[in-house]
Amino acid sequence: MTSKSPVRSCEDVDEAALTYAEVKALATGNPYIKEKMDLDIQVSRLKLMKANHTSQIYRLEDNIAKNYPKQIEILQERIRGFQTDMETVRKNLPADKDNFSMKVGNRIFTDKKEAGTAILAMCQEMDSLQQTVEIGEYAGMRMKVTFDSFNRKFVMSLKGELSHNFELGSDAFGNITRLHNVLDGMAGELSEAETKLDNVTHQLETAKMEVQKPFLAEEELKEKMERLAELDALLNMDEKGETPVLENEPTVTPLGEWLLEHLLPEFMEEYEMTEERAREVLLDALPEEESEVVCFSSEQNAESLDSEEMQKQMSEYMDGDFYAIPVSDTEYLIAPKVEQDSVIYLRSILSQLGDSVLSSPAMKSHAAYEYDSGTNRMKPFDHMRILRGLCAVGEEKHIYHAKSREPTETRTSNLAQVH
């Protein structure tokens, strides 16, 4: 429900339904069947570990980019505020504690009890319980009082660079003591803020090192999946009783056709167009540079991108390495790798999708990959960072706002009419 991979493992399976081929293998004493069942459990466990590792990397990247820097900035500002306020108090508070002077209202009080009594009197005279009233000044700090209606109490705030709050009691002299305790306690709060700053800074440096660590069991997972594929072929345990034979070229759908299939109803409803007119405008709005992007469906190909053979075929079909971005539970957008910045390139591709696709559960919960023919494997790619960038910038969320192909005057006028 949270789109995160929980850290869970299960060694035993309560119910296992065996196919006819598996039952036959068991009956004939085939040793491969036990190996396959053991490998199924191990591969599932390793895939879960890899998913957890990928999720952790994404969390660390978020912390490095946003959370830790924001915490550091807040703590640094707080430390500067404490230092400034402590210096203000040092300059304005007499060294002799008996030499007392406090401004309450328009009067200067030199007696602590009288000053405390005057503070309580001003609290009672507040016109509204929701307002904050400035009642005086002490040690270079402004004194403000607010009534906390939930806890039914008055709260005084000493305001300098920061606000230092404490609860007012009914004892006039005791309130002056509480005020001095707050001033004396600023040194301890400053020390605590400095300690927190050191801890967050250390966590940031640790996160930068952790995010570089690869999945340690990657090679083991690859070996076990290869062996599992070999066993599946040997045992012939797919539901149809035979291993599907892959064609030389995968079956794919061009991006324009895929967009028409998925976004046409949404576009017609939003812009109140006929189907024919909507098709024309959608195709005109698709930039030519996205013509090489296609949609891969595991249902159409009777094989998923988890298959190494299918990954190699897609690499050959795209004439090089490619990105695989999830758009549904069974579909990926396949985009060729280009020399320009990958984030800018993929953002231009994702910006062609409608809100319904960009906000789909699959787009947020499924991993995106980039295929590297040099290593013959898929590597996770942080496409969510690109989606967050699209939402933050607020640019080109719809294909309907994309730049049209150059030129014809008819296409330009068509898009102008849509807008």
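Our structure's up above, just so we're on the same page.
Residues numbered from 1 in each chain as written. Predicted model: local features only at pLDDT ≥ 70, side-chain atom pairs only at ≥ 80, totals over all residues. Heavy atoms only, no water.

K.L.:
Whenever I open this one, the sheet that holds strand β8 (residues 294–297) confuses me. Can you help?
P.N.:
What links the strands of a sheet is backbone hydrogen bonding, and the strands pair in either a parallel or an antiparallel sense. Taking strand neighbours across the sheet as the criterion, the six strands line up as β7-β8-β10-β9-β11-β12 in an open arrangement whose pairing is antiparallel. The open sheet terminates on both sides in strands that have one partner only, identified here as β7 (252–254) and β12 (377–381). Strand-to-strand twist of the sheet, defined as the mean angle between neighbouring strand axes without regard to direction, takes the value 30 degrees. Bridge count between strand β9 (residues 322–326) and strand β10 (residues 331–336): five bridges; the pairing is antiparallel. Bridge assignment links P326 to a residue of β10, and that residue is Y332. Where helix α7 (residues 255–271) meets the sheet, its contacts fall on β7, β8 and β10, and the angle it forms with β7 comes to roughly 85 degrees. (Pairing = 2+ DSSP bridges. Helix = DSSP H or I, 4+ residues; strand = E, 2+ residues; numbered from the N terminus. Axes fitted to C-alpha atoms, helices over the stretch in contact; angles between N-to-C directions. Contact = heavy atoms within 4.5 Å.)

K.L.:
Explain the nonpolar core here, please?
P.N.:
Within soluble globular proteins, side chains that are nonpolar generally end up buried alongside one another. The biggest cluster of nonpolar side chains holds 43 residues, and the ones touching the most others in it are M102, I119, M143, M156 and L179. Listing elements by their share of this core, those giving two or more residues are α2 (31–92), β1 (102–104), α3 (112–124), β3 (132–138), β4 (141–148), β5 (153–159), α4 (172–184) and α5 (186–210). It is α2 that contributes the most residues to this core, eight residues altogether. (Core = buried A, V, L, I, M, F, W, Y, C linked by side-chain atoms within 4.5 Å. Buried < 20%, exposed > 50% of the residue type's maximum accessible area, 1.4 Å probe, protein only.)

K.L.:
Would you explain a negative patch on the surface in this entry?
P.N.:
A cluster of like negative charges, contributed by E219, E223, E226 and E308, occupies part of the molecular surface. Turning to its location among the elements, E219 is positioned in helix α6 (residues 218–235). The partly exposed category is assigned to E219, whose relative accessible area is 48%. (Patch = residues over 30% accessible without salt bridge, like charges linked within 9 Å, V, L, I, M, F, W, Y side chains within 5 Å. Areas by Shrake-Rupley, 256 points an atom, 1.4 Å probe, with all protein chains shown as cover. Salt bridge = Lys/Arg side-chain N within 4 Å of Asp/Glu carboxyl O. Lys, Arg positive; Asp, Glu negative; His and termini not counted. Charge placed at Lys NZ, Arg CZ, Asp CG, Glu CD.)

K.L.:
Can you walk me through the packing of aromatic side chains in this structure?
P.N.:
For any pair of aromatic rings, the description rests on two quantities: the centre-to-centre distance and the angle between the ring planes. Tallied over the full model, the rule gives four aromatic pairs. Measuring from centroid to centroid gives 5.6 Å for F100 and Y138, while their planes differ by 35 degrees, and the two rings are tilted. Residue F100 is found in the loop between α2 and β1, and its partner Y138 is found in strand β3; the two are separated by 38 residues along the sequence. Relative accessible area serves as the criterion here: at 4%, F100 is assigned to the buried category. Lying over the aromatic face of Y323, K337 brings its terminal NZ or CZ to 5.7 Å of the ring centre. (Phe/Tyr/Trp six-rings, centres within 6.5 Å; stacked < 30°, edge-to-face > 60°. Lys NZ or Arg CZ within 6 Å of the ring centre and 35° of its normal.)

K.L.:
How should the sheet that holds β4 be read in this particular structure?
P.N.:
If you trace the six strands from one edge of the open sheet to the other, you get β2-β1-β3-β4-β5-β6, paired in antiparallel fashion. Here the strands that pair on one side only, and so sit at the sheet edges, are β2 (107–109) and β6 (163–167). Across this sheet, the average inter-strand angle for adjacent strands is 30 degrees, counted without regard to direction. For β1 and β3, the ladder comprises two bridges, and the chain directions are antiparallel. When the sheet's bridge partners are listed, V104 is paired in β3 with G136. With respect to the sheet, α4 is in contact with β1, β3, β4, β5 and β6, its orientation differing from that of β6 by roughly 145 degrees.

Function cannot be read off these values alone, since they describe shape.
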